[in-house]
Amino acid sequence: MNWRGRRGEDGGVSTRWTLLLCIGCFCVGLLFTNIMWEMPEPDELIRRNETMIDEIKLLSGSCDSIKSREKQPRKEIIQLPRTQDVQELDKTISHLEMELAAAKAAQESLLNGAPLSEDISFKLAESRGRSKYFMVIGINTAFSSRKRRDSIRNTWMPQGEKRKKLEEEKGIIVRFVIGHSSISGGIVDRAIEAEDKKHGDFMRLDHVEGYLELSGKTKTYFATAVSIWDADFYIKVDDDVHVNIASLGHVLSKLLMKPRIYIGCMKSGPVLSKKGVRYYEPEHWKFGDSGNKYFRHATGQLYAISKDLATYISINQHVLHKYINEDVSLGSWFIGLDVEHIDDKRLCCGTPPDCEWKTQAGNICAASFDWTCSGICNSVDRMKEVHQRCGESENAPFEAVF
């Protein structure tokens, strides 16, 4: 036997057996493949191909739409609120501010242990559904000024049913404004209560009366008034000043569409640093060197502010600084605010012949007084004369259109 035969005999694998082993493995592989994988039917292949084509088209269409959107310029659509919506929102905010002011005024009175007056209690109870008014005229008065009040009642301030008609038809409130004495329930307080019972024309404040407390009284007046009446304007006037209500209404009606109005006869007087003189300013050092003047502010005989400013005073009354002079205090509260100062000389005419000449010329004054007396000199005796010569007709407030 040759070398190849001997190799097989010695235990090697011959070529023949190797070939047979490969064929056997191949056959086993074919058998295994037929079991694990079956060829899909032709119909199934067609359906699969159609599905793949649809998916490719869908993806292609999405890409095209995305590309087309990318090519198109973006247009931001900003939908602005309508004017009516803005006005309704403003009314809602104003109403909430009024309710907040009313609640704070009531809370302050209760915390101080002072009972709420019947007028305030009644108005606060109706605050959610209260009426809208045009203006509130608060006449600053004192316990000793009974004759001054009567002189006003007998001239420019409507009485009884006429005053009620003025409120209901024209939305004009007129009240004498006074606080209480340091001894609550004293004789002067009882006298005011009796007078109020007779005339019904007082607005009582949670405030202790005193000449040096006019700044505090002014602040309390605006805070209380805005909590009771929802008006467009709030006016403060002294009880020795003559007022033409219709003329005042015409002046203010021109400003109804303007926010944050502060109107009066603007002045800028000297800061008096010498003790003992009238209008002495204890805090004169805050205004710079001696001889400086105050910032521009309305003279104290008569001024008016719009509702938003009265609300501002009510909400911030605890942090508003009080100077010795109430007109200076009011002007200081608006420094730093976006307030429109309006200087209108119709609010500070002189007494006859000045206001008489203007009346004859057709320019009826809204208010008249004497600068030398910071009011009408001897107003108890002269108020009737001023009214006769410079006053508007009795029916003027009712016939006016504001």
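Rules used throughout
- Residues numbered from 1 in each chain as written.
- Predicted model: local features only at pLDDT ≥ 70, side-chain atom pairs only at ≥ 80, totals over all residues.
- Heavy atoms only, no water.
- UniProt positions renumbered as here; feature names shortened; annotations may be inferred.
- Patch = residues over 30% accessible without salt bridge, like charges linked within 9 Å, V, L, I, M, F, W, Y side chains within 5 Å.
- Areas by Shrake-Rupley, 256 points an atom, 1.4 Å probe, with all protein chains shown as cover.
- Salt bridge = Lys/Arg side-chain N within 4 Å of Asp/Glu carboxyl O.
- Helix = DSSP H or I, 4+ residues; strand = E, 2+ residues; numbered from the N terminus.
- Buried < 20%, exposed > 50% of the residue type's maximum accessible area, 1.4 Å probe, protein only.
- Contact = heavy atoms within 4.5 Å.
- Disulfide = S-S within 2.5 Å.
- 1 Å grid on protein atoms, 1.4 Å probe; cavity = no way out; pocket = protein on both sides within 12 Å on 5 of 7 lines; lining within 4 Å.
- Points joined across faces, edges and corners; volume = space filled by probe spheres on them.
- Nonpolar A, V, L, I, M, F, W, Y, C, P; charged D, E, K, R; others polar.

As recorded in an unreviewed UniProt entry, the protein chain goes by the name Hexosyltransferase, listed as coming from Rhynchospora pubera. Here is the UniProt Cofactor (unreviewed entry) comment for the protein chain, exactly as written: "Mn(2+)". Turning to the protein chain, the UniProt record has this under Pathway (unreviewed entry): "Protein modification; protein glycosylation."

Asks: What's the story with a nonpolar patch on the surface in this structure? I'm lost.
Replies: Judged by side-chain polarity, Trp 17, Leu 19, Leu 20 and Ile 23 come together as a nonpolar surface patch covering roughly 460 Å² of accessible area. With respect to the helices, strands and loops of the structure, Ile 23 is situated in helix 2 (residues 15–36).

Asks: Looking at this structure, how should I read helix 12 (residues 326–333)?
Replies: What sets the pattern is the α-helix's 3.6 residues per turn: residues three or four places apart point alike. Of all eight residues in helix 12, eight are buried, a share of seventy percent or more. The inward-facing, buried residues of helix 12 abut helix 9 (214–228), strand 4 (230–238), strand 6 (261–267), strand 7 (297–306) and helix 11 (307–316).

Asks: Got a minute to help me understand the state of the cysteines in this structure?
Replies: Chemically, a disulfide is nothing more than a covalent bond linking the sulfur atoms of two cysteines. A full pass over the atoms with the stated rule returns four disulfides. Note that Cys 265 is cross-linked by a disulfide to Cys 348, the S-S spacing being 2.0 Å. The S-S bond linking Cys 265 to Cys 348 shows a torsion near -100°; that makes this disulfide left-handed. Linking Cys 265 in strand 6 with Cys 348 in the loop between strand 8 (340–343) and helix 13 (354–360), this pair joins segments that are 83 residues apart in sequence. Its relative accessible area of 1% is what places Cys 265 among the buried residues. On the accessibility criterion, Cys 348 (9% relative accessible area) is buried. When the bonded cysteines of the protein chain are numbered from the N-terminus onward, they pair as 1-2, 3-5, 4-8, 6-7.

Asks: Please clarify how empty space enclosed by the protein should be interpreted in this entry.
Replies: A water-sized probe, rolled over the atoms, reveals where empty space remains. According to the stated counting rule, one finds one cavity of 30 Å³ or more in the structure shown. Here the largest cavity defines a volume of roughly 70 Å³. Put simply, the parts of the chain that give the lining of the largest cavity at least two residues each are strand 1 (132–140) and helix 9. Class assignment for the residues of the lining of the largest cavity results in three nonpolar, three polar and three charged.

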